[in-house]
Amino acid sequence: MHATPHSSAADQARQASAAAHVNIAAYKFITVDDTEALRPRFQAICAELGLKGTILLTPEGINMFLSGPRAAVDNYLAWLRADERFADIEVKESYSEEQSHKRMLVKLKNEIITMRMPLIKPELGRAPSVDARTLKRWLDSGVDDAGKPVVMMETRNAFEVDVGTFNNTLDYRIDKFTEFPAVAAAHKDELAGKTVVTFCTGGIRCEKAAIHMKEIGYDSVYQLDGGILKYFEEVGGEHYTGDCFVFDYRTALNPQLQPTETVQCFVCRAVVTPRQQLAPEYVYEVSCPHCHERRDN
């Protein structure tokens, strides 16, 4: 497969100027002991600015996906960063003609991403990370800077992986992230002597995954800093096949961070590729190739 050229800074600037809305994804692991008090404040600022999306407030930090006009997003980030806990939060951006979410939710949860491993606290120390450009260089040569073979490991759910992933990646077909710790432990011995890079959409799952793997004895494990979306932003689609599933109306983004024709089935929520949409089993809001057989039974 031919590598997909990544967008230049000029291309990204053109996308930004042509788009009506900015979509941001951001998270930070930090102790938050006042989530109940924060929730109405976040609800109020997002309502005032007309933002839509989801914000998760948890004792271990914040996770958010928001969409709105440039000025509204900038005003929100200025407000957020006035809280010293979130002053250095890093944000990934993409652009779209419509808001990528249809409503605004601010939720209180126990974890940013459920893993049910309470001893894993990224705030107390991250696993080593590798940036996108360094990872691309490793994948170009097949080894890291120490000469160890590099292996990519999925931390996402199987249906997300099916939309696109890094080439030759380890995909253990998990259905939810709580299955990952057992899978990582079961395959540890066969990965001895190799450098394992965990990755996910935006960085949250692979951050927790890499910490867990380090704690159970993996000798060389990294997380992909910023996840797939940051990799696309920095280096494009080299060493990656397909698109990246995202949890909003766009369903999937290509390596230029543009929405694709991939959709989710209205009935069963399975991912339906453009090719699958040509099948007779795909009837909008009625069935898709994944659920058509069940519907007939």
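Calculation rules
- Residues numbered from 1 in each chain as written.
- Predicted model: local features only at pLDDT ≥ 70, side-chain atom pairs only at ≥ 80, totals over all residues.
- Heavy atoms only, no water.
- Helix = DSSP H or I, 4+ residues; strand = E, 2+ residues; numbered from the N terminus.
- Contact = heavy atoms within 4.5 Å.
- Buried < 20%, exposed > 50% of the residue type's maximum accessible area, 1.4 Å probe, protein only.
- Pairing = 2+ DSSP bridges.
- Axes fitted to C-alpha atoms, helices over the stretch in contact; angles between N-to-C directions.
- Parallel < 35°, antiparallel > 145°, perpendicular 65-115°, else oblique.
- Left-handed = near helix turned anticlockwise from the far one by under 90°.
- Nonpolar A, V, L, I, M, F, W, Y, C, P; charged D, E, K, R; others polar.
- Core = buried A, V, L, I, M, F, W, Y, C linked by side-chain atoms within 4.5 Å.
- Salt bridge = Lys/Arg side-chain N within 4 Å of Asp/Glu carboxyl O.

Q: Hey, could you go over the environment of glutamine 223 for me, with residue numbers and the actual values?
A: Looking at the element boundaries, glutamine 223 is found in strand β10 (residues 221-224). The spatial distance from the C-alpha of glutamine 223 to the C-alpha of alanine 127 is 6.9 Å, given a sequence separation of 96 residues. In contact with glutamine 223, other than residues within four places in its own chain, are Arg126, Ala127, Pro128, Ser129, Val130, Val197, Thr198, Cys206, Glu207 and Ala210.

Q: Any chance you could break down the environment of leucine 80 for me, citing the residues and the numbers?
A: Following the sequence through the fold, leucine 80 ends up in helix α3 (residues 70-81). Its relative accessible area of 1% is what places leucine 80 among the buried residues. The sequence separation of leucine 80 and glycine 202 amounts to 122 residues, and the corresponding C-alpha distance is 19 Å. Not counting the four nearest positions on each side in its chain, leucine 80 is found in contact with Phe42, Ile62, Met64, Phe86 and Ile89.

Q: Which residues make up the sheet that holds strand β5 (residues 104-108), and what are the values?
A: By definition, the strands of a sheet pair up through backbone hydrogen bonds, in either a parallel or an antiparallel sense. Strand order in the open sheet made by the five strands is β4-β1-β3-β2-β5, with mixed pairing throughout. Edge positions in the open sheet fall to β4 (91-96) and β5, since each of these has one partner strand only. Each strand axis lies, on average, 10 degrees off the axis of its neighbour in the sheet, ignoring direction. Examined bridge by bridge, strand β1 (residues 21-29) and β4 share six bridges and lie antiparallel to one another. Bridge pairing in β4 links alanine 25 to lysine 92.

Q: Can you break down the packing of helix α2 (residues 35-49) against α3 residue by residue, with the values?
A: Interhelical geometry of α2 versus α3 gives an angle of 155 degrees and a closest axis separation of 10 Å. Considered as vectors, α2 and α3 are oriented roughly antiparallel to each other. Considering only the axes of α2 and α3, their crossing is right-handed. Contacts from Arg41, Phe42, Ile45, Cys46 and Leu49 in α2 reach Ala72, Asn75, Tyr76, Trp79 and Leu80 in α3. Considered class by class, the residues forming the contact of α2 with α3 number eight nonpolar, one polar and one charged.

Q: Account for the nonpolar core, with residues named and values stated.
A: Grouped together as the largest cluster of nonpolar side chains are 25 residues, with contacts concentrated most on Phe42, Leu51, Ile55, Ile62, Met64, Tyr76 and Leu80. Residue assignment for this core shows that the elements contributing at least two residues are β1, α2, β2 (52-58), β3 (61-68) and α3. Setting aside residues no more than four positions away along its own chain, isoleucine 55 makes contact with Phe42, Cys46, Ile62, Asn63, Met64, Leu66, Tyr76, Met104, Leu105, Val106 and Lys107.

Q: Outline the pattern of salt bridges, listing residues and values.
A: Inspection of the entire model under this criterion finds 21 salt bridges. Across the salt bridge formed by lysine 208 and glutamate 111, the nearest N and O atoms sit 2.7 Å from each other. Taken as a pair, lysine 208 in helix α7 (residues 204-215) and glutamate 111 in the loop between β5 and β6 (129-130) lie far apart in primary sequence, 97 residues in all. Here glutamate 238 ties to lysine 136 by a salt bridge, and the two come within 3.8 Å at their closest N and O atoms. Taken together, the residues span a long stretch of sequence, with glutamate 238 in the loop between α8 (227-235) and β11 (240-242) and lysine 136 in helix α4 (residues 132-141) at a distance of 102 residues. When salt bridges that share partners are traced, they join Arg133, Lys230, Glu233 and Glu234 into one network.

Q: Describe the sheet that holds strand β7 (residues 150-154), and please don't skip the residues or the numbers.
A: The strand order across the open sheet built from four strands is β6-β10-β9-β7, with neighbouring strands paired in parallel fashion. Every interior strand has two partners, whereas the edge strands, β6 and β7, have only one. Sheet topology places β6 next to β10; two bridges connect them, and they run parallel. Residue pairing across strands places valine 130 opposite leucine 224, the latter belonging to β10. Running at roughly 175 degrees to β10, α7 makes contact with β7, β9 (195-199) and β10 of the sheet.

Function-wise, these values are silent; they only describe arrangement.
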